[in-house]
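What the coordinates show
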Amino acid sequence: MSHMQRDHTNKLTSRRWWLLATVGAGLLLIVLDNSILYTAMPALTADLGASGSTALWIINAYPVVMAGLLLGSGTLGDRIGHRRMFVTGLSIFGLASVLAAFSPNAELLIASRALLAVGAAAMMPATLALIRIAFDDPRERNIAIAVWGSLSVVGAAMGPIVAGLLLERFWWGSVFLVNVPVVLAALAATVLIAPRNDPNPEKSWDLTSSLQAMMALVGIVVFIKEVAHTPQNWTVVVLAAVAAVAGAVMFVRRQRRLAEPLLEFAIFRNRAFSGGVLAAAFAMFTIAGLQLITTQRFQLVEDFSPLQAGLLVAVIAFGALPSGMIGGAFLHVIGLRILISGGLAVATVGVAISALGVSLDQFWLLVCGFVVTGFGLGGAFSVASSAIMGNAAPKKAGMAASVEEVSYEMGSLTAVAVLGTLVTAVYAAAVQLPSNAPATAGESISDAVATADGNTAILSAAYSAFDSAYLVTMAVLGVALLIGTLTTARLLRSYGPRTEAMEFSENH
């Protein structure tokens with residue numbers, strides 16, 4: 001090879017890795033905004049006067065809209081070009097970040113979060129697609145996709161820490177405004193190093209299917225939230241249930257009629273594919289659930305600063321990193337079943353240890369439990385992408401990528417909707433306030449702290465009730481992980497040590 005050829009090859013190699021850094025920055029923003037609000041919620045709700053129910057929608061608006069749009073955005077990227085989708089998504093994300101940062105009320109903040117989700121849904125499939133286009137060497141592509149997957153764990157852990165650092169010095173809007181310089185840098189880098197836009201006008205795109213999926217998801221979230229609310233508004237409950245069922249039925253029927261459906265249900269017949277989808281969903285459910293309830297408890301009950309609470313839940317990611325690296329490097333030796341089912345089993349034990357630490361008031365035991373939980377989830381996370389992408393035919397790789405991303409979002413969405421509502425419902429049922437307490441103090445721990453005005457009797461009752469709610473929620477989380485362990489173990493019973501994990505390795 002001549003000197004000029006070597007220089008050209010080195011330049012192309014360098015360009016590929018710079019592209020990975022650029023799309024990685026976009027992915028990091030997407031994942032950060034799933035978790036960055038957890039430590040900011042106490043300050044945010046106090047400033048905007050948001051109720052516990054409204055606070056859940058401030059968090060939920062983002063994953064609900066994104067999950068509804070993700071299936072269609074991958075196909076739209078095939079049609080108009082993934083570079084164009086990435087740039088469009090980044091631009092929308094930057095604009096929505098500014099709107100969210102300066103929102104004067106909860107309603108505008110919820111709308112801004114929904115617009116953030118539109119940008120994120122445009123970007124997310126494009127990040128993986130651009131990696132697949134730029135990395136034509138299989139080994140390099142494996143490394144690049146492994147880095148892409150690891151950023152999901154890192155981003156989820158960084159969210160509470162970044163929020164904590166910002167809230168030490170700035171107001172809650174800074175957790176959104178921090179996105180803007182990253183967006184501007186990524187836009188500039190994309191213009192310089194991303195591969196040219198490569199649209200395929202023959203590819204069909206179906207907005208109706210995306211809207212139907214979103215209708216079903218919103219209906220499910222409203223149903224769960226309202227059923228757990230006391231007292232229930234049964235009109236809202238019934239309407240939400242009808243919307244969820246109608247959206248789901250219309251979506252399924254439409255997919256069966258379309259020549260190129262957004263989701264081909266036959267793909268789930270592959271057990272390794274389904275096992276990977278469940279692993280991603282259960283892992284994100286656990287991480288998002290633990291972050292949400294733990295950051296609330298330790299800020300409101302133990303008087304932790306936002307940064308301290310963020311560092312505490314980051315311990316989960318610290319535990320996940322070593323097992324994630326081991327899983328990715330030795331998948332061919334260990335096998336999918338041990339890494340996924342075994343990882344979820346270890347995480348179940350970790351949650352039990354953490355719950356024991358809270359009940360015994362032993363902080364070190366809580367931290368140890370988080371490390372164990374992270375170690376288990378890291379192994380499952382590290383191979384979920386391989387199981388999903390490697391077991392879909394090449395012509396269905398875009399669909400598989402969308403399903404993978406939806407599984408992440410559904411895990412987070414379900415955690416916030418179910419566990420966030422559960423912890424508030426158990427608190428409201430368990431709290432025994434003194435007779436002079438404001439009525440709102442019985443609705444949520446944040447309302448109690450905001451209205452107690454230093455009354456130790458009210459605060460003591462609120463803290464005791466929230467600890468009960470925290471432990472009940474941890475128990476539900478442990479049961480969910482156990483179900484995930486048993487389900488994936490059954491699905492992956494043929495994928496033990498030294499078995500082939502990927503049917504279509506050319507996808508990786």
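Residues numbered from 1 in each chain as written. Predicted model: local features only at pLDDT ≥ 70, side-chain atom pairs only at ≥ 80, totals over all residues. Heavy atoms only, no water.

Let's talk about the overall build of the chain
A tally of helices and strands in the chain yields 18 helices and zero strands. For the chain, the residues scored as buried account for 56% of the 508 residues in total. By sequence separation, contacts in the chain at least 24 residues apart represent 82% of the contacts at least 6 residues apart. Counting only carbon and sulfur atoms, one obtains 65% of the accessible surface of the chain, whose full area is about 20700 Å². (Helix = DSSP H or I, 4+ residues; strand = E, 2+ residues; numbered from the N terminus. Buried < 20%, exposed > 50% of the residue type's maximum accessible area, 1.4 Å probe, protein only. Contact = heavy atoms within 4.5 Å. Areas by Shrake-Rupley, 256 points an atom, 1.4 Å probe, with all protein chains shown as cover.)

Considering the pattern of salt bridges
By the definition in use, this model includes two salt bridges. Among the ionic pairs, Arg-297 bridges to Glu-302, the shortest N-O distance being 3.2 Å. Its relative accessible area of 34% is what places Glu-302 among the partly exposed residues. For Asp-467, the salt bridge goes to Arg-297, with nearest N and O atoms at 2.6 Å. Remark: Arg-297 occurs in helix α11 (residues 271-300) and Asp-467 occurs in helix α18 (residues 456-491); sequence separation between them is 170 residues. Accessibility expressed as a relative area gives 22% for Asp-467, which makes it partly exposed. Classification of Arg-297 as buried rests on a relative accessible area of 4%. Overlapping salt bridges bring together Arg-297, Glu-302 and Asp-467 as one network. (Salt bridge = Lys/Arg side-chain N within 4 Å of Asp/Glu carboxyl O.)

Considering helix α2 (residues 41-48)
Here α2 has its buried residues at Met-41, Pro-42, Leu-44, Thr-45 and Leu-48. All buried residues of α2 lie within an arc of 165° about the axis, which places them on one face of the element. In α2, those exposed residues whose orientation departs by more than 90 degrees from the buried face are Ala-46 and Asp-47. Once α2 finishes, Gly-49 follows within two positions and takes phi at roughly 65°, a positive value. (Arc of directions from axis to C-beta.)

Things to note about helix α14 (residues 336-359)
Taking 1.5 Å per residue, 24 residues should reach 34 Å; α14 reaches 35 Å between its end C-alpha atoms and fits that length. Within two residues after α14, Asp-361 carries a phi angle of roughly 60°, on the positive side. (Expected span 1.5 Å × (residues − 1).)

Some details on the packing of aromatic side chains
Centre distance and the angle of the planes are the two values used to describe a pair of aromatic rings. Tallying each qualifying case throughout the model produces five aromatic pairs. When the centroid spacing of 6.4 Å and the interplanar angle of 90° are considered together, the rings of Phe-251 and Phe-265 count as edge-to-face. Of this pair, Phe-251 sits in helix α10 (residues 234-257) while Phe-265 sits in the loop between α10 and α11, placing them 14 residues apart in sequence. According to the relative accessible area criterion, Phe-265 is partly exposed, its value standing at 33%. An aromatic cluster of three or more residues is present, and its members are Phe-298, Phe-304 and Phe-363. (Phe/Tyr/Trp six-rings, centres within 6.5 Å; stacked < 30°, edge-to-face > 60°.)

Structural notes on the confidence of the model for the chain
Chain-level pLDDT for the chain is 81 on average; 89% of the residues reach the 70-or-more range. The secondary structure element of the chain with the lowest average pLDDT is helix α1 (residues 3-35), at 66, and the one with the highest is α14, at 94. Below pLDDT 50 for its whole length, residues 1-12 participates in two contacts with residues either more than four positions away or in separate chains. (pLDDT = per-residue confidence, 0-100.)

Here's the deal with the side chain of Ser-354
Mapped onto the elements, Ser-354 comes out in helix α14. Residues in contact with Ser-354, not counting those within four places in the same chain, are Leu-365, Leu-366, Gly-369, Phe-370 and Met-474.

Topic: a positive patch on the surface
Taken together, the side chains of Arg-271, Arg-337, Arg-490 and Arg-493 make up a positively charged region of the molecular surface. Within the secondary structure, Arg-493 is located in the segment after α18. (Patch = residues over 30% accessible without salt bridge, like charges linked within 9 Å, V, L, I, M, F, W, Y side chains within 5 Å. Lys, Arg positive; Asp, Glu negative; His and termini not counted. Charge placed at Lys NZ, Arg CZ, Asp CG, Glu CD.)

Some details on the nonpolar core
Ranked by size, the top nonpolar core spans 146 residues in total, and within it Leu-37, Met-66, Phe-176, Leu-336 and Tyr-427 carry the most contacts. Here this core takes 16 residues from α11, the largest share from any one element. With sequence-adjacent residues up to four places away left out, Leu-37 is seen in contact with Leu-44, Ile-58, Arg-113, Val-175 and Phe-176. (Core = buried A, V, L, I, M, F, W, Y, C linked by side-chain atoms within 4.5 Å.)

What about a nonpolar patch on the surface?
On the surface, Val-98, Phe-102, Phe-170 and Trp-171 cluster together to form a nonpolar patch covering roughly 410 Å² of accessible area. Topologically, Trp-171 is positioned in the loop between α6 (138-169) and α7 (174-177). A residue is classified by how much of its surface remains accessible, and Trp-171, at 37% relative accessible area, is partly exposed.

Notes on the environment of Pro-322
When you line up the elements, Pro-322 lands in helix α12 (residues 306-329). Distance in space between the C-alpha atoms of Pro-322 and Gly-378 is 7.5 Å, their sequence separation being 56 residues.

Quick word on the environment of Val-175
For Val-175, the position within the fold is in helix α7. Val-175 sits 74 residues away from Ala-101 along the chain, and the two C-alpha atoms are 7.4 Å apart.

Quick look at unusual backbone geometry
With a phi angle near 60°, Asp-303 is a residue other than glycine that sits in the positive phi range. The phi torsion at Asp-361 lies on the positive side, around 60°, for a residue other than glycine. Given a relative accessible area of 63%, Asp-361 falls into the exposed group.

What to know about the packing of α11 against α18
The geometry of a pair of packed helices is captured by two quantities: the angle between their axes and the separation between those axes. In the contact formed by α11 and α18, the axes pass within 10 Å of each other and the chain directions differ by 170°. In terms of orientation, α11 and α18 fall into the roughly antiparallel class. (Axes fitted to C-alpha atoms, helices over the stretch in contact; angles between N-to-C directions. Parallel < 35°, antiparallel > 145°, perpendicular 65-115°, else oblique.)

Quick look at the packing of α11 against α14
Remark: α11 packs on α14, axes separated minimally by 10 Å, with the N-to-C direction vectors making an angle of 15°. Relative to α14, α11 is oriented roughly parallel. Of the two possible hands of crossing, α11 and α14 adopt the one that is left-handed. Contact with α11, carried on its side by Ala-272, Gly-275, Gly-276, Ala-279, Phe-282 and Arg-297, involves Leu-336, Ile-340, Leu-344 and Val-358 of α14 and no other residues of that element. (Left-handed = near helix turned anticlockwise from the far one by under 90°.)

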